[in-house]
Amino acid sequence: MASSSLLRLQENHISSFVFQEDTCRILRSRRIYFEEPHPYIINYLKMSGFYNASQVRRFVLLPDLISALIERWRPETHTFHFPFGECTITLEDVALQLGLPIDGMAVTGCSLLDWKDECQNLLGVVPPEEHLNGSRVKLTWLQSTFQHLPENASEKDIKYAARAYILRLIGGVLMPDKSGNLVHLMYLPLLRDFKLAGTYSWGSACLGFLYRELCRATIPKTHDIGGCLVLLQSWAWYRLPFLAPRTATAPVYPLASRWNSRKVHPGIPSGLPSIREQLDRLEYDKFIWMPYSSKEILVCLPIEAYNHCHLWNTNTALICFAVVAWHQTDRVCDNSGCNNRSLKCL
């Protein structure tokens with residue numbers, strides 16, 4: 001555990017209010033539901049690095065579980081503090097849970113462009129004013145406008161639809177803000193060339209964005225949370241199996257897609273006080289430090305899932321435009337044995 005002197009933000013951390021006032025703040029989140037991508041756009045999703053993530057389409061988020069985890073997140077270290085020590089979500093989790101690329105160029109660029117021109121050039125249409133909010137566009141407009149492709153769709157129209165789907169994936173699953181229905185158009189220029197888009201480290205951007213949103217959610221007055229909560233919740237289910245659904249579904253890649261469902265899974269512990277109590281009593285051997293080494297998971301992982309596995313436990317900056325977060329895995333590697341595992345995949 002880190003020394004108390006490191007926790008300089010404790011005074012304005014939700015855990016202080018829990019201890020002092022027996023607070024039960026439930027953060028608001030929403031149900032994730034995406035239709036299967038149109039067959040015409042799949043090649044572009046693969047080319048740009050988003051195909052695997054597009055398989056995580058139906059996911060019921062649990063506000064009680066998410067809120068309990070936030071109470072143990074520390075902005076100072078980007079780790080969860082449990083009774084036995086620290087743990088965190090890493091690039092390994094992003095690579096295996098979502099299948100996003102974790103190596104490549106930083107996801108950044110100019111965020112001050114003429115967005116109507118960019119939409120006309122890259123989507124083939126300018127969103128009506130009522131569907132624009134500054135430099136953000138409504139996800140519902142993207143869905144209604146590009147969801148259906150005619151059989152004789154031109155290659156240009158297919159590319160428009162692929163970019164719109166990726167924008168929806170970014171704004172609805174991978175890097176959603178707290179609005180619930182808007183995505184920033186700053187990502188659109190990065191999708192101009194699909195092959196070039198595939199050279200960006202979208203996984204690093206996704207994780208950095210999540211770290212930022214977890215940090216913001218520790219402020220007691222916060223009521224909504226953004227970021228890839230699918231990754232957060234699936235990470236918790238694989239590592240804290242006593243909180244996970246009872247399911248006969250075998251693991252599939254990407255691993256977060258194992259939980260695809262429109263309904264709440266049966267047998268899940270519910271209620272913030274109950275989950276909080278279980279985490280308070282969590283012992284070292286009840287936390288699964290290396291969940292991806294089990295036989296049932298190893299058999300479902302393709303060889304490409306291990307691409308860049310030497311980066312899984314690096315100390316590095318995670319960049320998503322103005323968001324820069326530190327991936328500080330040396331704080332947890334001694335617990336998980338990840339240093340030894342990394343050597344095996346080099």
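Nothing here was measured: the structure is a model prediction, and the numbers come from that model.

> Describe the side chain of arginine 276, and please don't skip the residues or the numbers.
With respect to the helices and strands, arginine 276 occurs in helix 11 (residues 272-280). Judged by relative accessible area, arginine 276 falls into the buried class, the value being 12%. Only 2.8 Å separates the side chain of arginine 276 from the side chain of glutamate 71, close enough to count as a polar contact.

> Kindly report on the pairing of strand 9 (residues 316-320), identifying the contributing residues and their values.
Pairing between strand 9 and strand 10 (residues 323-327): 5 bridges, direction antiparallel. Residue pairing in the sheet places leucine 318 in a bridge with alanine 325 of strand 10. Counted along the chain from strand 9 to the antiparallel partner strand 10, the turn is 2 residues long, and its residue phenylalanine 321 has a positive phi close to 55 degrees.

> Tell me what's going on with the packing of helix 3 (residues 63-70) against helix 11, and back it up with residues and numbers.
Where helix 3 meets helix 11, the axes come as close as 9 Å, and the angle between the chain directions of the two elements is 45 degrees. Here helix 11 runs oblique to helix 3, going by the angle between their axes. The chirality of how helix 3 crosses helix 11 is right-handed. Contact with helix 3, carried on its side by Asp64, Leu65, Ser67, Ala68 and Leu69, involves Leu272, Ile275 and Leu279 of helix 11 and no other residues of that element. For the contact of helix 3 with helix 11, a count of residues per class yields 6 nonpolar, 1 polar and 1 charged.

> Account for helix 3, with residues named and values stated.
Where burial is concerned, most of helix 3 is hidden: 6 out of the 8 residues are buried. For helix 3, the full list of buried residues reads Leu65, Ile66, Ser67, Ala68, Leu69 and Ile70.

> Just give me the short version of the pattern of salt bridges, but keep the residues and values in it.
Taken as a whole, this structure holds 13 salt bridges when the rule is applied. For the salt bridge of glutamate 213 with arginine 216, the shortest nitrogen-to-oxygen distance reads 3.6 Å. Taken together, the residues glutamate 213 and arginine 216, both in helix 9 (residues 202-217) and 3 residues apart, mark about one turn of the helix. Here glutamate 213 falls in the buried class, since its relative accessible area comes to 3%. Relative accessible area serves as the criterion here: at 40%, arginine 216 is assigned to the partly exposed category. In this structure, a network of salt bridges that share partners links the residues Arg212, Glu213 and Arg216.

> An account of the sheet that holds strand 4 (residues 79-82) is needed here, citing residue identities and associated values.
With antiparallel pairing, 3 strands are arranged side by side in an open sheet as 3-4-5. With partners counted over all chains shown, the strands left at the sheet margins are strand 3 (73-74) and strand 5 (85-87), one partner each. Both strand 3 and strand 4 contribute to a ladder of 2 bridges, which runs antiparallel. From the neighbouring strand, arginine 74 faces strand 4, where its bridge partner is threonine 79.

Cut-offs used in this document
Residues numbered from 1 in each chain as written. Predicted model: local features only at pLDDT ≥ 70, side-chain atom pairs only at ≥ 80, totals over all residues. Heavy atoms only, no water. Helix = DSSP H or I, 4+ residues; strand = E, 2+ residues; numbered from the N terminus. Buried < 20%, exposed > 50% of the residue type's maximum accessible area, 1.4 Å probe, protein only. Polar contact = N/O pair within 3.5 Å; in protein donor to acceptor, adjacent residues only side chain to side chain. Pairing = 2+ DSSP bridges. Axes fitted to C-alpha atoms, helices over the stretch in contact; angles between N-to-C directions. Parallel < 35°, antiparallel > 145°, perpendicular 65-115°, else oblique. Left-handed = near helix turned anticlockwise from the far one by under 90°. Contact = heavy atoms within 4.5 Å. Nonpolar A, V, L, I, M, F, W, Y, C, P; charged D, E, K, R; others polar. Salt bridge = Lys/Arg side-chain N within 4 Å of Asp/Glu carboxyl O.

Interpretation note: all reported values are geometric properties and have no functional meaning in isolation.
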